[in-house]
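# Topology and contacts: notes
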Amino acid sequence: MKNIAMLALVATLGSFGVAHAQDAAAPAATATEAPQVRDMTMGSADAPIELVEYASYTCPHCADFHTNVFDKLKAEYIDTGKVRFVMREVYFDRYGLWAAMMARCGGDMRYFGISDILFDTQREWAGSQDPSVVVENLKRIGRQAGMDNATIDACMGDAAMAQALVDSYQKNAEADAITGTPTIIINGEKHSNMSYEDLKEILDAEL
């Protein structure tokens with residue numbers, strides 16, 4: 001994983017095609033103004049298992065996990081009240097940060113649907129070396145999810161939120177000693193990437 005010390009710089013990179021780079025580089029908002037960053041969760045708050053996934057939207061292994069594992073996990077454990085799933089985004093690069101901002105633009109109702117699109121189409125939207133192309137790709141995903149251009153521009157141009165997301169990630173990653181993605185924490189015990197069969201064995205043992 002890239003050095004966490006560089007993450008404060010991530011929020012200043014690029015303009016999202018909306019805000020100027022110098023605006024994004026402005027000092028962070030004061031403590032009373034800083035946006036609140038919430039964990040995005042799925043499943044019953046009373047579930048006997050809490051599963052936290054640290055994932056980057058630009059990580060191919062994370063995309064594979066969501067393709068090969070997550071849907072089964074959701075059907076068998078999250079939707080049945082056995083697992084409370086917590087998604088924590090990791091920002092290796094500006095593309096990953098921008099993608100997280102787009103997912104959160106949709107609010108609670110759209111977040112996981114947009115996340116699915118981001119992972120399923122990772123090679124398409126993140127495949128360009130041109131940041132402006134990636135921005136337009138992300139905006140297209142936002143429109144696909146039902147948002148209008150004004151909402152997308154305002155959300156992705158929010159430098160204070162970008163900094164708050166980076167700060168929140170840094171705090172959580174340091175606390176949980178995250179060294180790669182995807183990292184899965186099951187009732188406080190950390191695991192690396194795994195197959196659904198191996199994950200199921202661990203979850204069933206917890207139950």
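Heads up: the structure comes first, above all this text.
All values reported here derive from a predicted model rather than from experimental measurement.

### Focus on the overall build of the chain
Tallying secondary structure elements over the chain gives 10 helices and 5 strands in all. In the chain, which comprises 207 residues, the proportion classed as buried is 45%. Long-range pairs, those at least 24 residues apart, make up 79% of the contacts in the chain with a sequence separation of at least 6. Carbon and sulfur atoms make up 49% of the accessible area of the chain, which amounts to about 9,900 Å² in all.

### Observations concerning the packing of helix α3 (residues 60-78) against helix α10 (residues 196-206)
Where α3 meets α10, the axes come as close as 10 Å, and the angle between the chain directions of the two elements is 30°. Considering how the two elements wind past one another, α3 and α10 form a crossing that is right-handed. Contact residues: α3 offers Phe65, Asn68, Val69, Lys72, Leu73, Glu76 and Tyr77, while α10 offers Tyr196, Leu199, Lys200, Leu203 and Asp204.

### Quick word on helix α4 (residues 94-105)
Taking 1.5 Å per residue, 12 residues should reach 16 Å; α4 reaches 16 Å between its end C-alpha atoms and fits that length. Most of α4 sits inside the fold, with 11 of its 12 residues counted as buried. By the burial criterion, the buried members of α4 are Tyr95, Gly96, Leu97, Trp98, Ala99, Ala100, Met101, Met102, Ala103, Arg104 and Cys105. For α4, the N-terminal capping position is held by Asp93, with its side-chain oxygen 3.3 Å away from the main-chain nitrogen of Tyr95. Gly107 occupies a position one or two residues after α4 and carries a positive phi of about 75°.

### Structural notes on unusual backbone geometry
The omega torsion of the bond from Thr181 to Pro182 falls at -5°, within 30 degrees of zero and hence cis. With respect to the secondary-structure elements, Pro182 resides in the loop between α9 (159-176) and β4 (183-186). At Ala177, a residue that is not glycine, the phi angle is positive and equals roughly 50°. Here Ala177 shows up in the loop between α9 and β4. Residue classification places Ala177 among the partly exposed positions, given a relative accessible area of 41%. Here Asn187, not a glycine, exhibits a phi torsion of approximately 50°, which is positive. Structurally, the position occupied by Asn187 is in the loop between β4 and β5 (189-191).

Calculation rules
Residues numbered from 1 in each chain as written. Predicted model: local features only at pLDDT ≥ 70, side-chain atom pairs only at ≥ 80, totals over all residues. Heavy atoms only, no water. Helix = DSSP H or I, 4+ residues; strand = E, 2+ residues; numbered from the N terminus. Buried < 20%, exposed > 50% of the residue type's maximum accessible area, 1.4 Å probe, protein only. Contact = heavy atoms within 4.5 Å. Areas by Shrake-Rupley, 256 points an atom, 1.4 Å probe, with all protein chains shown as cover. Axes fitted to C-alpha atoms, helices over the stretch in contact; angles between N-to-C directions. Left-handed = near helix turned anticlockwise from the far one by under 90°. Expected span 1.5 Å × (residues − 1). Polar contact = N/O pair within 3.5 Å; in protein donor to acceptor, adjacent residues only side chain to side chain.

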